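Read off the chains here:
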Amino acid sequence: MKKNCFFYNYKNKKYSITPNGVITSKSHSNIALIKYWGKHNNKIQIPLNSSISYSLGKVYTVTRLIYQEKKKSNLSIRVFFSGKEKTSFIPKILEFFHRISFYCSYIRDFNFIIETYNTFPHSSGIASSASSMSALALCIMKIEKKLVYSLKEDFFLKKASFLARLGSGSACRSIYPGLVVWGCHKAIKGSNNLYAIPYPYEVHSIFTKIEDTILIVDDEPKKILSSKGHKLMNNHPYAKDRFKCANQNMNRLISILKIGDFQEFGELIEHEALTLHAMIMTSRPYFLWMKPNTLNVIHTVWDFRKQSNKNIYFTLDAGANIHLLYPIQEKTSILKWIYSDLFSYCKKIIESFCLYNYLCLLFWWT
Ligand code: PMV
């Protein structure tokens, strides 16, 4: 671990927090347009390419963190998910606490009870680590805010993103609404590997009101965890080209977002999604995330787009499920079509949207 501006040492400071308390935070899931896939071979989650995502409305995690001053030296954590105790979540959270304790030494003084729930069904195929780790990071930062009254909002959010990254890479982007960038990219001012930043450039209005309808074709928990997939990029034969391509796609996306070309945008995100899947299909060992219904949906979307000229494009996460992105203006007709022509391929449909309202930061911060 390296000391940086996020290092916190309260040794000489007087304790200014009640010994017991409860903190609540909420954080949204996100969907990457340019995917993060591959990280440096270490435990500190440094990405091998920059990524950009939309934070998503309606799909979020709410976490209540109960902290109690520790009487004995060993740390105790209990985790409750949707009201039920989940001992299986403890190792990942302990590992997270261990990683962040260097930057938040105060957490060593407490035992924790974590009560958490998602607004989306468990095992629905939506990556919950992004929203859950970022919600937890926000809770930790609220403890820090109690200790440091002068803590500024900007620092609070940056450090929350920094901590969330240590839990799950993509979680660092969930701290902000709108378009969020993580990972150093020459063309994006302020972008860096340690924490995410809100996309800093002009965005055409068409990209500020986007629907995201999530088609759950497979609701089983993932068989190949993303941590395993990231590792496979370390000696992947096409890794170098993939990182180069992601870098170029980011350059292209910057101008697309400015001029508002939805068709170019759609082609770029579909290419990104298929490239991510191509990487996992050509790794060693190789895997296949797509299910027959993933392909059925993709082909049906392509046919529909050709016939109707509608702006509807897909992206995929590390799994079989599909996100359909389209402008809000097309919502009524496209949703109608989704329910009539795609419903039979899905276990569930979740109507979400790209959260693009910076006012909501006020709620996240308090
Ligand atoms: O944050 P992780 O380690 O779960 O990896 C996420 C990887 C993708 O979801 C496939 C891409 C991304 O950038 O979110």
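Only a predicted model underlies this, so the values are computations on that prediction, with no experimental measurement involved. (Residues numbered from 1 in each chain as written. Predicted model: local features only at pLDDT ≥ 70, side-chain atom pairs only at ≥ 80, totals over all residues. Heavy atoms only, no water.)

Chemist: Is there a simple way to explain the site of the ligand in this structure?
Modeler: Looking at the ligand, there are 13 residues lining it, with Tyr36, Ser170, Arg173, Ser226 and Asp317 nearest. Contact distances for the ligand include 2.7 Å between an oxygen atom and a side-chain N or O atom of arginine 173. At 3.0 Å, a side-chain N or O of histidine 230 approaches an oxygen atom of the ligand. Surface burial for the ligand is 92%, taken as the share of its 380 Å² of free accessible area covered by protein chains. Residues belonging to the shell around the ligand are distributed by class as follows: five nonpolar, five polar and three charged. Here the shell around the ligand spans two domains, since at least three of its residues come from each of domain 1 (20-201) and domain 2 (208-358). (Near = heavy atom within 4 Å. Polar contact = N/O pair within 3.5 Å; in protein donor to acceptor, adjacent residues only side chain to side chain. Areas by Shrake-Rupley, 256 points an atom, 1.4 Å probe, with all protein chains shown as cover. Nonpolar A, V, L, I, M, F, W, Y, C, P; charged D, E, K, R; others polar. Domains from an automatic or database assignment.)

Chemist: What is the right way to look at the nonpolar core in this model?
Modeler: A general trend in soluble globular proteins is that nonpolar side chains are found buried together. The biggest cluster of nonpolar side chains holds 82 residues, and the ones touching the most others in it are Ile52, Phe97, Phe207 and Phe265. Considering each element in turn, this core owes the most residues, 10 residues, to helix α2 (residues 129-147). The two domains that each donate at least three residues to this core are domain 1 (20-201) and domain 2 (208-358). Sequence-distant contacts of phenylalanine 265, that is, excluding residues within four places in its chain, are made with Leu33, Tyr54, Phe207, Leu253, Ile256, Leu257 and Leu325. Of all hydrophobic cores here, the second largest spans 22 residues; its members include Ile298, Ile312, Ile322 and Cys346. (Core = buried A, V, L, I, M, F, W, Y, C linked by side-chain atoms within 4.5 Å. Buried < 20%, exposed > 50% of the residue type's maximum accessible area, 1.4 Å probe, protein only. Helix = DSSP H or I, 4+ residues; strand = E, 2+ residues; numbered from the N terminus. Contact = heavy atoms within 4.5 Å.)

Chemist: What is the right way to look at the domain arrangement of the chain in this model?
Modeler: The parts lose accessible area when they come together, and the size of an interface is often stated as this lost area. Examined at the domain level, the chain breaks down into domain 1 (20-201) and domain 2 (208-358). Between the C-alpha centres of domain 1 and domain 2 the distance comes to 24 Å. Taken together, the contact between domain 1 and domain 2 spans 39 residues of the former and 49 residues of the latter. Across the domain 1 to domain 2 interface the summed buried area is about 3800 Å²; carbon plus sulfur atoms make up 69%. Applying the counting criterion to the domain 1 and domain 2 interface returns zero salt bridges. Here domain 1 is connected to domain 2 by 11 residue pairs in polar contact (both at pLDDT 80 or more). Breaking the side of domain 1 that touches domain 2 down by element, the ones donating at least two residues are β1 (20-34), β2 (51-69) and β6 (179-182). (Buried area = accessible area lost by both parts, 1.4 Å probe. Salt bridge = Lys/Arg side-chain N within 4 Å of Asp/Glu carboxyl O.)

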